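Per-entry structural report
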Amino acid sequence: MSNLSGPDRDALLRLGSFRKYAPGEMLIVEGGLETDVMLILDGCAKVLVSADDGSTVLLAIRAPGDVVGELAALDGRPRSATVVAARGISAHVVSGVAFRACLRERPDVATELQRSVAGKLRAAIRYRIDATSAAVPVRLARTLDSLVRSYGRPTPQGLRIDVPLSNADLAALAGLSSASVQRALRALRADGAIRTEYRSVLVRDLAALRATAAGDFPPEAPEARGVAS
């Protein structure tokens, strides 16, 4: 949304209707046949999918400026994931028909949507690579770096990832076990890269975090250097 020109953004927001979602409320249900698109204006959401064993896997976080539901609007196929409000959300809901018409009439909107979808695809590819080859601290540091790039909020103490995330959520995003995430978080805290609070991560030293993401482990963290998750 932030990359659109004023006229294009206004045209998109004139479509559909404004809606609020309470924490825990579903914006989209996996397998659903509706094709509405949601433009998140405020709050954040979790993107979840069902695994073969019946468990739920957290795939991504979506925040203000993000679009959700665009794939079903484009191809008409059932929803590929469930989107749940992690905290209160304000969104603009546009029907699939109106959204596709807007893309045809406004090429710049279509171009930005293509970039958004491409960015999500690149993130999925990066995840697959990390999940099969990168060491535990690298995977977690890259996950935190990605989150701080998108959702970091400057504070006097550092960059706060402005999304409520539990250790289990971080484990799901990084493709790790909870135990591995706890060890890697402990190492990053010891290195001074981060500070953890209840469902919150504060990045105190971004350079140190990115050094770990690049594979340069701090000497204080030998127990967190394994590859197994």
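Conventions we followed
Residues numbered from 1 in each chain as written. Predicted model: local features only at pLDDT ≥ 70, side-chain atom pairs only at ≥ 80, totals over all residues. Heavy atoms only, no water. Salt bridge = Lys/Arg side-chain N within 4 Å of Asp/Glu carboxyl O. Helix = DSSP H or I, 4+ residues; strand = E, 2+ residues; numbered from the N terminus. Buried < 20%, exposed > 50% of the residue type's maximum accessible area, 1.4 Å probe, protein only. Polar contact = N/O pair within 3.5 Å; in protein donor to acceptor, adjacent residues only side chain to side chain. Contact = heavy atoms within 4.5 Å. Pairing = 2+ DSSP bridges. pLDDT = per-residue confidence, 0-100. UniProt positions renumbered as here; feature names shortened; annotations may be inferred.

Tallied over the entire structure, the rule returns 13 salt bridges. One salt bridge connects Arg106 with Asp8, and the closest N-O pair in it is separated by 2.7 Å. Placement of Arg106 in the loop between α3 (96-105) and α4 (107-133) and of Asp8 in helix α1 (residues 6-14) is noted, with a sequence separation of 98 residues between them. Given a relative accessible area of 27%, Arg106 falls into the partly exposed group. For Asp8, a relative accessible area of 7% puts it in the buried group.

The next subject is the side chain of Arg160. Along the polypeptide, Arg160 turns up in strand β10 (residues 158-161). Note on Arg160: relative accessible area 15%, which makes it buried. Within the structure, the side chain of Arg160 is placed 3.0 Å from the side chain of Glu197, a separation counted as a polar contact. For Arg160, the side chain forms a polar contact with the side chain of Ser200, separated by 2.8 Å. Apart from residues lying up to four places away in sequence, Arg160 is in contact with Tyr151, Gly152, Arg153, Thr155, Arg195, Glu197, Ser200, Val201 and Leu202.

Alternating positions in strand β7 (residues 82-85) separate into two faces, Thr82 and Val84 on one and Val83 and Ala85 on the other, with burial throughout. Two strands pair when backbone bridges link them, and strand β2 (residues 26-28) and β7 are joined in this way by two bridges, in the antiparallel orientation. Within β7, the position partnered with Met26 by the bridge is Val84.

Turning our attention to the confidence of the model for the protein. Per-residue pLDDT for the protein averages 86, and the proportion of residues at 70 or more is 93%. Looking at the elements of the protein, mean pLDDT is at its lowest for α4, recorded as 82, and at its highest for β2, recorded as 96.

To continue, consider the UniProt feature "domain: HTH crp-type" (unreviewed entry) in the protein. The UniProt entry lists residues 134-207 under the feature "domain: HTH crp-type" (unreviewed entry), expressed in the numbering used here. A helix fraction of 53% and a strand fraction of 22% characterise residues 134-207, whose end C-alpha atoms lie 19 Å from each other.

So, about unusual backbone geometry. For Arg199, which is not glycine, the phi torsion reads 55° and is therefore positive. Turning to its location among the elements, Arg199 is positioned in the loop between β11 (194-197) and β12 (200-203). Relative accessible area serves as the criterion here: at 31%, Arg199 is assigned to the partly exposed category.

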